[in-house]
Amino acid sequence: MKSFVFPEFQIIRDEEKCGQCRGCERQCAFGTHRYDPVQDRLISDEYKCAGCQRCVVFCPKDAIIVRPTPSFYRPNASWSREKLEDLKKQAETGGVILTGCGNDKPFRIYWDHIVLNASQVTNPSIDPLREPMELRTFLGSKPDLIDMKAKNGDVEIETKIGPNLMVETPILFSAMSYGAISYNAFRSLATAACKSGTFFNTGEGGLPKEMRDEFGKCAIVQVASGRFGIDAEYLNCAAAVEIKVGQGAKPGIGGHLPGEKVSPAVAATRMIPAGTDAISPAPHHDIYSIEDLSMLIYALKEATNYEKPISVKIAAVHNFAAIASGIVRAGADIIAIDGLRGGTGAAPKVIRDNVGIPIELAISSLDQRLRNEGIRNRASIIAAGGIRCSADVIKAIALGADAVYIGSAALIAMGCNLCQKCYTGKCNWGICTQDPRLSGRLNIEIASQRLSNLIHAWSHEISEMLGGMGINALESLRGNRDHLRGIGLYEWELEVLGIKGAGE
Amino acid sequence: MVRKRRARRPLYSKEICACSIFGAMNREGERFTGEGVIKAIANMHVRGNGLGGGFAAYGIYPEYKDYYALHLMFTGRSWEDKRSAKQDFDAFLCENFDVVYDEEIPHGDETTVSDPPLVWRYFAMPNKRGEESRLSDEDYVVSKVMWVNTKIENAYVFSSGKNMGCFKGVGYPEEIGEYFMLDRLYRAYTWTVHGRFPTNTQAWWGGAHPFSLLDTTVVHNGEISSYGTNRWYLEMYGYACTLQTDTEVIAYAADLLMRRQHLPIEIAAKILAPPIWNSIDRMNETEKKLLTTLRMVYGPLLMNGPFSIIIGQTGKMIGLTDRIRLRPLTAATRGDMFYLSSEEASIRLISPELDCVWTPNGGEPVVGELKSIRMVKDEVIRLS
Amino acid sequence: MAKAHSAKSQPVKAAQAYGERIDTVEIDATGIETKELNDRLRDLMQAGAVKVVLRNVCGQRYIGTRLYSPERKKMDIEIFGTPGNDLAAFLFGHKIRVHGNAQDGVGNTMDAGEIVVEGRAGDVLGFSMRGGKIFVRDSVGYRTALHMKEYEDKRPVLVIGGTSQDFLGEYMAGGIVILLGLDNKPHKGNFLGTGMHGGVIYLRGSVDKTQVGSQVEISPLDEMDKEIIDRYVSEFIERFPDLKLNKEEVLKGDFIRLSPRSKRPYGKLYAY
């Protein structure tokens with residue numbers, strides 16, 4: 001039965017340039033390009049094309065152009081092409097429309113409406129090339145004050161400080177599970193994290209045994225609703241444990257790793273039979289109230305002998321500041337909040353695009369709320385959800401976050417182009433696939449170098465901007481909203497963000 | 001009273017709370033002090049976070065049992081605020097009620113709790129005039145209570161039944177029990193207790209559980225995700241949801257269904273926590289019709305979200321959980337004593353030996369009643 | 001054999017000083033908070049204690065959770081009283097016996113070891129259990145064996161003497177659950193095995209097909225099933241000698257088997 005839906009992408013091949021090397025045929029796991037020996041040319045089936053640009057990049061003659069098909073339908077502001085075609089797909093299959101990556105809809109991006117300060121004259125900028133610029137920060141619970149005793153000129157600290165993570169730069173790698181991404185991609189993140197003095201998050205797929213000795217100390221392991229791969233050893237080999245309650249891309253619903261992506265290696269790590277769907281149920285079935293979450297936080301503290309900070313990751317939704325405040329009171333050391341634009345390997349499109357709130361508003365309202373309650377010191381805030389550049393990082397910190405998680409940005413560094421087909425398992429860049437033919441294309445050394453480069457570049461840009469504001473230590477920027485101004489925002493937005501308008 | 005600063009648009013919000021609940025009833029009507037239940041709730045200390053605790057006690061005012069025992073709290077930043085709220089309330093009360101006795105509710109040292117309001121109790125009878133003479137005593141009292149809670153600033157009626165009373169505030173429940181000297185001053189045949197873990201710090205004394213209206217009290221563990229819907233429905237019937245906590249709607253729903261509409265608890269439970277349509281479709285014709293009608297008519301009162309609640313009324317203690325039992329509730333009996341608790345260990349603390357222990361099914365009420373009626377698990381049976 | 005009582009760690013140190021191996025230690029848990037009790041258990045494990053008896057336990061949580069050691073030390077813990085929630089969460093190979101009822105969350109994400117409960121247990125028993133065995137003498141509450149898992153030879157087992165309430169085996173991905181219904185009450189739980197995609201539930205008695213999830217198939221036992229049941233019923237009887245059960249009587253009952261129709265119950269859910 002022929003589908004009524006048109007191809008998303010148009011492939012234009014310059015026949016004069018094309019040398020029939022069949023490279024594009026080999027590169028595309030979707031089977032888009034096919035060599036026709038009779039005509040001695042490459043033929044492309046546009047219906048299969050995902051627009052990932054792999055063939056374009058790797059064509060030795062630059063003979064291919066792949067671009068979104070111009071729309072055929074009469075322009076309609078309400079019935080956009082996407083809405084029309086999704087509807088037809090559902091009529092054809094009766095299924096839920098799945099997608100990957102983060103929210104691509106034109107909700108306001110507050111990062112682009114916030115501008116930064118620079119110092120002049122009265123408080124001179126600091127020269128980041130020659131002066132020390134400190135980006136180190138500590139994530140975890142801090143006491144309100146320290147009791148000290150001076151003895152023979154030595155100062156002894158009596159207050160016991162809870163476990164904290166030390167990061168050299170406020171950029172961490174977000175949770176992307178082994179299963180959703182390939183082993184090579186996963187290992188690249190781990191390698192880069194260790195090299196750059198930061199941390200990576202294992203996501204709910206667990207940490208393969210062979211990686212624990214080398215990378216455990218840079219790992220934040222996740223305890224998600226599916227409880228995959230969790231045993232006391234896994235918890236204790238890591239630097240921190242994160243309870244995943246929700247994520248920005250799909251708040252309120254669970255995760256679904258199709259059986260195709262559960263290879264024997266993935267199955268061994270997650271401890272389920274190979275080929276079974278790895279279903280993460282929507283809620284943690286033992287957390288139905290805040291005191292249950294508190295119970296799990298303390299169960300994990302017990303299981304790790306109170307030696308590791310426990311983090312809780314929630315999606316930013318309505319009323320989440322009250323929930324987050326409850327979570328801090330429940331004993332969490334770190335709160336990770338994931339906004340509307342958070343990415344994922346697979347989520348129903350309707351949830352990804354409609355549920356949640358932008359992270360910028362979330363950070364400020366949470367920071368404000370915790371400060372009002374006098375408990376801001378008890379937990380660090382890590383913000384996630386569509387951080388695209390170092391300016392976003394700085395703005396996030398100025399709004400109140402301690403650090404940020406980058407997910408999509410890290411994958412883009414490794415080659416991803418956000419084609420949103422992650423759930424098919426056919427990622428041509430070798431990132432979101434379990435097919436060894438494809439994942440083998442991602443060289444761990446090169447990919448981890450690219451990630452380290454990214455962190456290095458952003459850290460340097462952050463130093464530049466900090467210096468420009470006359471600050472040489474990150475802790476002086478956290479929550480310092482005086483250095484931000486808004487442009488083109490409504491009154492209520494300025495209020496929620498807690499910043500003034502430019503010129504005010 | 002903590003009134004939110006005037007927002008440009010009316011924004012209502014609700015606190016989310018999670019917690020521990022406990023109830024103990026002597027089905028022969030023998031009254032006992034609060035000491036045991038204070039110990040039991042303290043055992044579940046970790047379920048709360050010290051920002052709220054409260055008790056409801058039945059049978060504590062035998063000398064005034066025919067009068068409405070109104071418990072008031074007068075809040076406000078300064079002593080002046082509290083005094084002036086009391087003055088306003090006293091004036092209102094004298095016009096609408098005959099007061100036979102009133103006094104400050106005895107309590108311990110104020111420095112042991114955080115920012116206590118002035119708490120006062122009045123024993124009064126309605127003094128109906130004009131149009132209002134047509135109202136029943138109870139409807140009259142309800143309308144006056146709603147009026148006070150919405151119109152008189154800094155004054156809240158937090159208990160309004162006969163021969164019963166609520167005691168609540170900001171602090172761990174055992175601290176509140178100490179503050180109001182519940183282990184020494186009162187003997188009741190039913191005690192229900194609550195320890196709170198709210199996620200809004202401006203925890204205020206009125207926000208603690210139990211919530212009550214006339215002699216119905218509710219302590220609640222969980223969050224009502226249908227709050228917005230339940231609230232609009234109840235507001236149509238004259239209930240004002242002013243206390244910024246979702247539990248309020250349960251108390252008002254219980255009042256609407258059981259007192260005003262005279263529905264028995266089994267039916268009210270089927271409105272608040274009805275079975276799933278799948279099960280209903282498989283029932284016999286009579287039951288199917290009843291349940292379908294209830295869901296059609298009372299749909300907006302369906303309480304969605306995890307909850308376990310203990311409802312207290314004169315002569316009754318009722319435990320109920322949501323349809324899919326997302327919050328725990330353990331029931332137990334020992335002789336004439338009937339217990340409900342979030343955790344079994346607390347019951348064992350005060351009664352190490354128990355006759356029966358069980359966890360009721362989701363959506364099915366467990367009812368303990370005084371004297372002639374027997375309480376059973378799984379179903380409520382009335383013996384003639 | 002040195003018997004020591006609760007006064008801190010003196011007996012532990014004293015015994016160590018004399019080079020004795022500590023065998024059984026008793027702790028009176030009256031008035032001791034969760035963290036302190038678990039601190040002591042951990043100290044005892046590190047010092048080499050092999051058996052601990054806890055008395056007057058009343059609501060203390062996570063007993064058995066703090067006992068992870070890379071050397072995989074094993075302890076035997078007996079509990080008198082009512083342990084609090086999350087008993088033996090993340091258990092790493094120890095043995096626990098409860099002389100009384102247990103509350104919610106027993107064996108939460110348990111990895112290995114054994115738990116025996118002489119009484120009933122509450123909700124969410126064996127949540128995400130991935131190894132080891134749990135035996136409960138009476139009945140259990142809601143959401144038992146939720147998302148239980150197995151991998152190769154690591155197969156958790158849960159045997160319940162009575163019945164269970166709703167949502168038994170929800171999202172089950174592996175493991176064995178046996179419900180013996182020894183109190184002869186009917187199995188009234190609903191939504192049994194909803195979302196099941198692995199593992200198996202054996203039920204002694206009967207359930208209507210409206211009580212089980214749509215992914216579940218009800219079938220009679222085959223030879224392999226009978227062997228498994230025989231083995232675990234024997235183990236159950238051994239652990240509860242006071243019940244004076246006769247194995248033949250138990251095995252004579254009508255057993256049925258609940259298993260998933262497919263490994264991919266949600267395969268058709270999404271439009272790709």
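None of the values given here were measured: they were computed from a predicted structure. (Residues numbered from 1 in each chain as written. Chains lettered and ligands numbered in written order. Predicted model: local features only at pLDDT ≥ 70, side-chain atom pairs only at ≥ 80, totals over all residues. Heavy atoms only, no water.)

Concerning the overall build of chain B
Part 1: Scanning chain B from terminus to terminus reveals 10 helices and 16 strands.
Part 2: For chain B, the C-alpha radius of gyration of 20 Å lies close to 21 Å, the compact-globule estimate for 384 residues.
Part 3: Seen through its C-alpha atoms, chain B measures out along the principal axes to roughly 60 × 45 × 40 Å.
Part 4: Residues classed as buried in chain B amount to 61% of the 384 residues present.
Part 5: For chain B, the proportion of contacts with a sequence separation of at least 24, taken over those separated by at least 6, is 74%.
Part 6: Total accessible area computed for chain B in this model is approximately 14,900 Å², and 50% of it derives from carbon and sulfur atoms.
Part 7: Taking the average place of the 45 positive charges on the side chains of chain B and the average place of its 48 negative ones, the gap between the two points comes to 5 Å. (Helix = DSSP H or I, 4+ residues; strand = E, 2+ residues; numbered from the N terminus. Rg over C-alpha atoms; globule rule 2.2 N^0.38 Å. Buried < 20%, exposed > 50% of the residue type's maximum accessible area, 1.4 Å probe, protein only. Contact = heavy atoms within 4.5 Å. Areas by Shrake-Rupley, 256 points an atom, 1.4 Å probe, with all protein chains shown as cover. Lys, Arg positive; Asp, Glu negative; His and termini not counted. Charge placed at Lys NZ, Arg CZ, Asp CG, Glu CD.)

Overview of the overall build of chain A
Part 1: Along the backbone of chain A there are 16 helices and 23 strands.
Part 2: On C-alpha atoms alone, chain A measures out to a radius of gyration of 24 Å, which is about the 23 Å that the 2.2 N^0.38 rule sets for 504 residues.
Part 3: Overall, chain A is about 90 × 55 × 45 Å in size when its C-alpha atoms are taken along their principal axes.
Part 4: Within the span of chain A, comprising 504 residues, buried residues form 59% of the whole.
Part 5: Considering only contacts in chain A between residues 6 or more positions apart, those separated by 24 or more positions represent 70%.
Part 6: Accessible surface for chain A amounts to roughly 20,500 Å². Of this, 53% is attributable to carbon and sulfur atoms.
Part 7: Averaged over its 56 positive side-chain charges, chain A has a centre that lies 5 Å from the centre of its 57 negative ones.

Remarks on the interface of chain C and chain A
Part 1: Counting residues at the interface gives 41 residues for chain C, matched by 48 residues for chain A.
Part 2: Taking both sides of the interface into account, the surface hidden between chain C and chain A amounts to around 4,100 Å²; carbon and sulfur atoms contribute 62%.
Part 3: For the pair chain C and chain A, the number of links is 3 salt bridges.
Part 4: Among the elements of the structure, helix 2 (34–47) and strand 13 (270–271) of chain C are those that each provide at least two residues to the side of chain C that touches chain A.
Part 5: Ranked by residue count, the leading element in the side of chain C that touches chain A is helix 2 of chain C, at 4 residues.
Part 6: Residues belonging to the side of chain C that touches chain A are distributed by class as follows: 16 nonpolar, 10 polar and 15 charged. (Buried area = accessible area lost by both parts, 1.4 Å probe. Salt bridge = Lys/Arg side-chain N within 4 Å of Asp/Glu carboxyl O. Nonpolar A, V, L, I, M, F, W, Y, C, P; charged D, E, K, R; others polar.)

Comments concerning the domain arrangement of chain A
Interfaces are often described in size by the accessible area the parts lose on coming together.
Residues and elements named next belong to chain A.
Part 1: Taken domain by domain, chain A consists of domain 1 (9–95) and domain 2 (162–501).
Part 2: The gap between the C-alpha centroids of domain 1 and domain 2 is 33 Å.
Part 3: Every contact between the two is made by 14 residues of domain 1 and, on the other side, 11 residues of domain 2.
Part 4: For the pair domain 1 and domain 2, the two sides together bury roughly 1,100 Å², of which 54% comes from carbon and sulfur.
Part 5: Three residues, Ala29, Phe30 and Arg54, lead the burial of domain 1 against domain 2; their summed loss comes to 46% of the area buried on that side.
Part 6: Along the contact surface separating domain 1 from domain 2 lie 2 salt bridges.
Part 7: With its nearest N and O atoms 2.7 Å apart, the salt bridge here joins lysine 349 to glutamate 82.
Part 8: On inspection of domain 1 and its partner domain 2, the count reaches 8 residue pairs in polar contact (both at pLDDT 80 or more).
Part 9: Elements represented by at least two residues in the side of domain 1 that touches domain 2 include exactly helix 1 (23–27), helix 2 (54–58) and helix 3 (81–93). (Domains from an automatic or database assignment. Polar contact = N/O pair within 3.5 Å; in protein donor to acceptor, adjacent residues only side chain to side chain.)

Some thoughts on the pattern of salt bridges
Residues and elements named next belong to chain A.
Part 1: This model, assessed by the stated rule, comprises 73 salt bridges over all chains.
Part 2: One salt bridge in this structure joins lysine 421 and glutamate 8, with 3.3 Å as the shortest N-O distance. A residue pair is termed long-range when its members are at least 10 positions apart, and lysine 421 in the loop between helix 13 (408–414) and helix 14 (436–439) and glutamate 8 in the segment before strand 1 (9–13) qualify at 413 residues.
Part 3: For lysine 421, a relative accessible area of 19% translates into the label buried.
Part 4: In this structure, arginine 136 engages glutamate 168 in a salt bridge whose closest nitrogen and oxygen atoms are separated by 3.2 Å. Here arginine 136, found in the loop between strand 6 (114–116) and strand 7 (137–140), pairs with glutamate 168, found in the loop between strand 10 (164–167) and strand 11 (171–175); they are 32 residues apart in sequence, far enough to count as distant.
Part 5: Taken together, the salt bridges that share partners define one network made up of Glu82, Asp86, Lys89, Asp104, Lys105, Lys349, Arg352 and Asp353.

Quick notes on the side chain of A:Arg376
Residue and element names in this part refer to chain A.
Part 1: Here arginine 376 is to be found in the loop between helix 11 (359–372) and strand 20 (380–384).
Part 2: Residue arginine 376 is classed as buried on the basis of its relative accessible area of 12%.
Part 3: Only 3.0 Å separates the side chain of arginine 376 from the backbone oxygen of alanine 379, close enough to count as a polar contact.
Part 4: One polar contact links the side chain of arginine 376 to the main-chain carbonyl oxygen of glycine 400, over a distance of 2.7 Å.

A short note on the packing of aromatic side chains
All names here are of chain B.
Part 1: Per the counting criterion, the structure on display carries 25 aromatic pairs over all chains.
Part 2: The interplanar angle of 20° and the centroid separation of 6.4 Å between the aromatic rings of tyrosine 101 and phenylalanine 123 together place this pair among those described as stacked. Residue tyrosine 101 is located in strand 4 (residues 97–104), and its partner phenylalanine 123 is located in strand 5 (residues 118–126); the two are separated by 22 residues in the primary sequence.
Part 3: The exposure class assigned to tyrosine 101 is partly exposed, which follows from its relative accessible area of 33%.
Part 4: Joined through ring pairs, the aromatic side chains of Tyr61, Tyr64, Tyr67, Tyr101 and Phe123 make up one cluster. (Phe/Tyr/Trp six-rings, centres within 6.5 Å; stacked < 30°, edge-to-face > 60°.)

A closer look at the environment of C:Leu243
Part 1: With respect to the element layout, C:Leu243 can be found in the loop between helix 3 (223–239) and helix 4 (247–252).
Part 2: Sequence spacing of C:Leu243 and C:Arg137 is 106 residues, and the spatial spacing of their C-alpha atoms is 8.9 Å.

Digging into the sheet that holds strand 23 (residues 500–501) of chain A
All names here are of chain A.
Part 1: Spatially, the 3 strands line up as an open sheet ordered 6-22-23, and their pairing is mixed. Each end of this open sheet is capped by a strand with a single partner; those strands are strand 6 and strand 23.
Part 2: Bridging between strand 22 (residues 484–486) and strand 23 involves 2 bridges; their strand directions are parallel. Each bridged residue has a counterpart across the sheet, and for glycine 486 the counterpart in strand 23 is glycine 501.
Part 3: Strand contacts of helix 12 (residues 390–399): strand 6 and strand 22, with the helix running at about 90° to strand 6, the strand carrying the most contacts. (Pairing = 2+ DSSP bridges. Axes fitted to C-alpha atoms, helices over the stretch in contact; angles between N-to-C directions.)

A short note on a nonpolar patch on the surface
All names here are of chain A.
Part 1: A surface patch of nonpolar side chains, about 470 Å² in accessible area, is lined by Ile146, Met148, Val155, Ile157 and Ile161.
Part 2: Along the chain, isoleucine 161 falls in the loop between strand 9 (154–157) and strand 10.
Part 3: For isoleucine 161, a relative accessible area of 42% translates into the label partly exposed. (Patch = residues over 30% accessible without salt bridge, like charges linked within 9 Å, V, L, I, M, F, W, Y side chains within 5 Å.)

Points about the pairing of strand 13 (residues 219–223) of chain A
Note on strand geometry: in a regular strand, side chains alternate between the two faces of the sheet.
Residue and element names in this part refer to chain A.
Part 1: Of all 5 residues in strand 13, 5 are buried; the element is thus mostly enclosed.
Part 2: A two-sided burial pattern is seen for strand 13, the buried positions comprising Ala219, Val221 and Val223 on one face and Ile220 and Gln222 on the other.
Part 3: Viewed along the sheet, the connection from strand 12 (residues 200–201) through helix 5 (residues 209–215) into strand 13 turns out right-handed.
Part 4: Bridge count between strand 13 and strand 14 (residues 240–244): 4 bridges; the pairing is parallel. Residue pairing across strands places valine 223 opposite isoleucine 243, the latter belonging to strand 14.
Part 5: Tracing the backbone out of strand 13, into helix 6 (residues 232–237) and back to the parallel element strand 14 gives a crossover that is right-handed. (Right-handed = clockwise from strand over helix to strand, strands pointing away.)

Some thoughts on helix 8 (residues 290–303) of chain A
Part 1: The end-to-end C-alpha distance of helix 8 of chain A is 20 Å, a good match for the 20 Å that 14 residues give at a rise of 1.5 Å each.
Part 2: Where helix 8 of chain A ends, the next residue or the one after it, A:Asn305, has phi of about 55°, a positive value. (Expected span 1.5 Å × (residues − 1).)

As for the interface of chain B and chain C
Part 1: Taken residue by residue, the interface counts 21 residues in chain B and 19 residues in chain C.
Part 2: A combined buried area of about 1,700 Å² lies between chain B and chain C, and 41% of that area is made up of carbon and sulfur atoms.
Part 3: In this assembly, chain B and chain C are joined by 2 salt bridges.
Part 4: For B:Glu343, the salt bridge is made with C:Arg61, and the minimal N-O distance between the two is 2.9 Å.
Part 5: Linking chain B with chain C are 14 residue pairs in polar contact (both at pLDDT 80 or more), by the criterion used here.
Part 6: Elements with a contribution of two residues or more to the side of chain B that touches chain C: helix 10 (344–350) and strand 15 (356–358) of chain B.

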